[in-house]
Amino acid sequence: MVIGVSGVQGDFREHKWMIEKLGIETMVVKSSEDLDKVDGLIIPGGESTTMIRIMKMTGLFERLREKIKTGFPVYGTCAGLIVLAKEIENYPQESLGVIDIKVMRNAYGRQVDSFDEMIEIKGFDRPFKAVFIRAPRIDSYGPDVEVLAFLDNSPVMCRQGNVLVTSFHPELTDDARVHEYFVNMVKEYRVQQEMPKANA
Ligand code: GLN
C-alpha cells in the first residue's frame, strides 16, 4: 500500500512524515501518472488558488476527479479541503466538487491569527489538538456529509464516503490519529477492490 501526498504546492513533507511514522509507504504525487501508482491521496495545506491552477495545467485535476468518483480515497487539509469542496466563497473558484460543503476561505483570520484548540472528534477516545492557519470555514453541508468534529458550531472535520477533509492541520502536531483514520479508509478501499465483483 502506498499513500500519495500531492506535492504540487504546500506543506506536503509534514504529511509524508506522518504517514511514514505509521509505517506506511508514501510517494509525492505531481502528475496524473504518479496518481496511478498510489492507493489514496492527501492534499496538504498551502494556497488553494495556486494548487488548483497547477493541478489543471498538469492534468492531475481531471484525473483525480475521475478517480474519486470510482471510490479512490482522498484527504484534504485546509487548502486541500478547498480544492475538494463543492462551493467556495471569497473568492469563488473552480474546485473538484467532490464533497458537498460550502466553504468561506480565510474565514478564521489572517496568517498572524493562527490558533490551536482542543476538539472532540467522533470515535476518538481523547481530544485532538487542532491547529488552524488562515483556515476555511465550512458554512453549510449536504445530507450525505458526516460531520466528525465541530468548533463553535462549525464543522471542522467531515467525510463524504471516500472523501475526508479537515480545516485544521494534524500534520503540524505529533498526533497521528487523523492520519491513521485516513490510512484505514485506504485499507478499506483496497479490500473492496480485491473483492470479486458480485455479478462478474
Ligand atoms: N488560506 C489558504 C487558501 O485559501 C489556506 C490556508 C492553509 O492551507 N493553511 O488556500
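Preceding block: the structure.
Residues numbered from 1 in each chain as written. Predicted model: local features only at pLDDT ≥ 70, side-chain atom pairs only at ≥ 80, totals over all residues. Heavy atoms only, no water.

Draft legend 1. Main features of the site of the ligand. Lining the immediate surroundings of the ligand are G45, G46, E47, S48, C78, A79, I82, R105, N106, I133, R134 and H169. R105 has a polar side-chain atom sitting 2.6 Å from an oxygen atom of the ligand. Here a nitrogen atom of the ligand sits 3.3 Å away from a polar atom, N or O, in the main chain of R134. Protein burial of the ligand: of its 300 Å² of free accessible surface, 97% is covered by the chains. Partitioned by chemical class, the residues of the shell around the ligand number four nonpolar, five polar and three charged. (Near = heavy atom within 4 Å. Polar contact = N/O pair within 3.5 Å; in protein donor to acceptor, adjacent residues only side chain to side chain. Areas by Shrake-Rupley, 256 points an atom, 1.4 Å probe, with all protein chains shown as cover. Nonpolar A, V, L, I, M, F, W, Y, C, P; charged D, E, K, R; others polar.)

Draft legend 2. Summary view of the side chain of S31. Mapped onto the fold, S31 is located in the loop between β2 (25–29) and α2 (32–35). S31 gets classed as buried once you look at its relative accessible area, which sits at 17%. Within the local environment of S31, its side chain forms a polar contact with the side chain of E33, the two groups lying 3.3 Å apart. (Helix = DSSP H or I, 4+ residues; strand = E, 2+ residues; numbered from the N terminus. Buried < 20%, exposed > 50% of the residue type's maximum accessible area, 1.4 Å probe, protein only.)

Draft legend 3. Focus on the sheet that holds β2. Strands sit in the order β2-β1-β3-β4-β12-β11-β10 across an open sheet of seven strands; the sheet is mixed. Each edge of the open sheet is held by one strand with a lone partner, namely β2 and β10 (146–151). Put simply, the sheet's adjacent strands are angled 20° from each other on average, direction ignored. Bridging between strand β1 (residues 2–6) and β2 involves five bridges; their strand directions are parallel. Its bridge partner lying in β2, V2 is registered against E25. (Pairing = 2+ DSSP bridges. Axes fitted to C-alpha atoms, helices over the stretch in contact; angles between N-to-C directions.)

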